Amino acid sequence: MPEAVETFDGWYCLHDFRQIDWTAWKLASQEERNQALNEFNALLSSWEDIEANRNGSVGLYQIIGQKADLLIMNLRPTMDELTDLETEFNKTKLAEFLIPAYSYVSVVELSAYMAKGKDPNTDPEFQARLKPVLPKWDHICFYPMDRKKDAVNNWYMEEKDERGRLMYEHGMTGRKYAGKVRQIITGSIGFDDWEWGVTLYAHEMLQFKKLIYEMRFDEVSARFAEFGEFYVGHRKTKEDLEKIMAV
Ligand code: VOV
């Protein structure tokens, strides 16, 4: 039987998608709205401090389309810390005006397919990728995915060397987008409904489409990839959020 590839797991990750309840927000007083934003800004600042101390990372994004309005993405060394911060956020005033839209629980994952003699447990480059500072690039694209397990194409029945070959080809396509798209692959087998979360960053939106389209022709995606829903959006600061929420 084919054997599993060793995985190296880094920080835990919560993608928290929310919709703004505009009706409730507009009914609130200016004072209540200010209070909600100030409290959230303080919480975001505390998460940014954690990022500065290299104990996690945070990103705030505005999502386009009707699936969600906001995405708050947090990384932490343990899942307990993520659970706590989710609870803390849910208790804020702002959260009273946000409707849960979707969430994804996963852990930053690298596999040994590409390790090539390096020890991922000590190699500084591997370690930095396992505990990443989320890129401050303008645009984000997130989607969950699976590897196929049907009678004809079953990823888990392929030999390890063959999977390594397919992943190598995948990596070569990805490398063409160096400087244009950055990827954070998170593993979610046993944690969420799909097997991986794909979080991409770009300076230019169109690069997501170009990369994902090109990858569809790689054998590993063409034969073995199944995708969930796509969410795309833009990175936002506290000041941007104040403008978004202004009514
Ligand atoms: C900038 C783009 C880019 C680059 C450079 C890149 C490179 C690499 C390398 C070198 C490796 C293997 C080693 C490791 O690091 O784990 C991976 C791994 C992985 N990828 Fe990837 N990927 C990219 C981008 C990228 C995209 C756009 C997708 C979605 C697929 C698509 O069709 O939409 C994807 C998926 C994955 C997955 C699900 C895995 C884990 C598979 C597993 O079975 O373990 N990935 N990926």
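Keep in mind that what you see is a predicted model, and the values were worked out from it rather than measured.

Enquirer: Please explain the site of the ligand as it appears in this structure.
Expert: The ligand sits among 25 residues. The nearest are Ser111, Tyr143, His170, Gln183 and Ser221. Tyrosine 143 places a polar side-chain atom, nitrogen or oxygen, 2.7 Å from an oxygen atom of the ligand. Going through the elements one at a time, strand 4 (98-111), strand 5 (139-147), helix 5 (160-175), strand 6 (181-187), strand 7 (196-202) and helix 6 (206-216) are the ones with two or more residues in the shell around the ligand. When residues in the shell around the ligand are grouped by element, the largest group, five residues, is from helix 5. Here the shell around the ligand is composed, by residue class, of 16 nonpolar, six polar and three charged.

Enquirer: What's the story with the nonpolar core in this structure? I'm lost.
Expert: Across soluble globular proteins, nonpolar side chains have a tendency to be buried as a group. Grouped together as the largest cluster of nonpolar side chains are 23 residues, with contacts concentrated most on Trp25, Phe40, Trp47, Phe89, Leu94, Leu241 and Met245. Counting only elements with at least two residues in this core, the list comes to strand 1 (7-20), helix 2 (30-52), strand 2 (57-63), strand 3 (70-76), helix 3 (79-90) and helix 8 (238-245). Counting residues per element, this core draws most heavily on helix 2, which supplies six residues. Not counting residues up to four positions away in its chain, the partners in contact with tryptophan 25 are Arg33, Ala36, Leu37, Leu94, Phe97, Met245 and Val247. In terms of nonpolar packing, the next biggest core, distinct from the first, is built from 18 residues, Ile63, Ala68, Leu134 and Ile184 among them.

Enquirer: Whenever I open this one, the packing of helix 5 against helix 6 confuses me. Can you help?
Expert: To describe two helices that pack against each other, one gives the angle between their axes and the distance between the axes. Contact pair helix 5 / helix 6: the axes reach a minimum separation of 10 Å and the direction vectors enclose 155 degrees. The angle between helix 5 and helix 6 places the two elements in the roughly antiparallel class. Taken as a pair, helix 5 and helix 6 cross one another with a handedness that is right-handed. Residues His170, Thr173 and Gly174 of helix 5 form the contact with helix 6, whose own contacting residues are Leu211, Glu214 and Met215. Looking at side-chain class alone, the contact of helix 5 with helix 6 contains two nonpolar, three polar and one charged residues.

Enquirer: Would you mind showing me how to read the UniProt feature "active site" (unreviewed entry) in the protein here?
Expert: Mapped onto this structure's residue numbering, the UniProt feature "active site" (unreviewed entry) falls at Tyr143. Position of tyrosine 143 among the secondary structure elements: in strand 5. Those residues in contact with tyrosine 143 that lie beyond four places of it in its chain are Trp196, Gly197, Val198, Leu200, Ile212, Phe227, Glu229 and Phe230.

Definitions and limits used
- Residues numbered from 1 in each chain as written.
- Predicted model: local features only at pLDDT ≥ 70, side-chain atom pairs only at ≥ 80, totals over all residues.
- Heavy atoms only, no water.
- Near = heavy atom within 4 Å.
- Polar contact = N/O pair within 3.5 Å; in protein donor to acceptor, adjacent residues only side chain to side chain.
- Helix = DSSP H or I, 4+ residues; strand = E, 2+ residues; numbered from the N terminus.
- Nonpolar A, V, L, I, M, F, W, Y, C, P; charged D, E, K, R; others polar.
- Core = buried A, V, L, I, M, F, W, Y, C linked by side-chain atoms within 4.5 Å.
- Buried < 20%, exposed > 50% of the residue type's maximum accessible area, 1.4 Å probe, protein only.
- Contact = heavy atoms within 4.5 Å.
- Axes fitted to C-alpha atoms, helices over the stretch in contact; angles between N-to-C directions.
- Parallel < 35°, antiparallel > 145°, perpendicular 65-115°, else oblique.
- Left-handed = near helix turned anticlockwise from the far one by under 90°.
- UniProt positions renumbered as here; feature names shortened; annotations may be inferred.

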